[in-house]
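This is what each chain is made of:
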Amino acid sequence: MESMEKSFESLLKELNFEKVLINNTVVFSRDGMYCKLTFIQMLESYVIEYAYSHDEAEKNLFEDES
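All residue numbers refer to position in the chain's written sequence, counted from 1. For this predicted model, a pLDDT threshold of at least 70 governs which residues receive local features, and a threshold of 80 or more governs which side-chain atom pairs are given and counted, while totals over whole chains, interfaces and linings are taken from all residues. To obtain the side-chain values, all non-hydrogen atoms of the structure were used and water was disregarded.

1. A few points about the layout of surface pockets
For the largest pocket, the calculated volume is near 240 Å³. Cavities and pockets are defined on a 1 Å grid built over the protein atoms alone: a cavity is a set of grid points where a 1.4 Å probe fits but cannot escape, while a pocket is an open set with protein on both sides within 12 Å along at least five of seven lines, and lining residues are those with an atom within 4 Å of any such point. Along the walls of the largest pocket sit 13 residues, with Glu5, Glu9, Val26, Phe28 and Leu37 positioned nearest its centre. Where helices and strands are cited, they refer to DSSP runs of H or I of at least four residues and of E of at least two residues respectively, numbered from the N terminus. Elements that contribute at least two residues to the lining of the largest pocket include exactly helix 1 (2-14), strand 2 (25-30) and strand 3 (33-40). Examining the composition of the lining of the largest pocket, we find that 5 residues originate from one element, helix 1, more than from any other. Grid points are joined across faces, edges and corners, and a volume is the space filled by probe spheres set on the points.

2. With respect to the pairing of strand 2
Strand pairing is defined by DSSP finding a minimum of two bridges between the two strands. The pairing of strand 1 (residues 18-22) with strand 2 spans 5 bridges and is antiparallel. Residue pairing across strands places Glu18 opposite Ser29, the latter belonging to strand 2. If you look at the hairpin formed by strand 1 and strand 2, you'll find 2 residues sitting between the two strands, and Asn23 has a positive phi there, around 50°.

3. Comments concerning helix 1
The span expected for a helix works out to 1.5 Å for each residue beyond the first. The end-to-end C-alpha distance of helix 1 is 18 Å, a good match for the 18 Å that 13 residues give at a rise of 1.5 Å each. With a 1.4 Å probe rolled over the protein chains alone, any residue whose accessible area is under 20% of its type maximum counts as buried; one over 50% counts as exposed, and the rest are partly exposed. Looking at helix 1, one finds that the buried residues are Phe8, Glu9 and Leu12. The arc that holds every buried residue of helix 1, seen down its axis, measures 95°, which confines them to one face. In helix 1, the exposed residues that point more than 90 degrees away from the buried face are Ser3, Lys13 and Glu14. In this structure, the buried side of helix 1 is in contact with strand 1, strand 2, strand 3 and strand 4 (45-51). Note on helix 1: the residue one or two positions beyond its end, Asn16, has a positive phi of about 65°. Think of it as the arc spanned by the lines of direction from the helix axis to the C-beta atoms. Between two residues, a contact is recorded if the distance between any of their heavy atoms is within 4.5 Å.

Below, the structure is given as structure tokens:
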């Protein structure tokens, strides 16, 4: 599982995302967008979630895309 997280982090770094800490959660920011990787135990899968502003990220208003 950790290798998936490292791959995700590497990809975002290549895309010029900056690693930031919001509410004790690591998220990645670029151009006002905030992304995070979340593992869903029930699905045994990762989900990429995003917020379109710092305010949304602080309020944990992340969305995912299917």
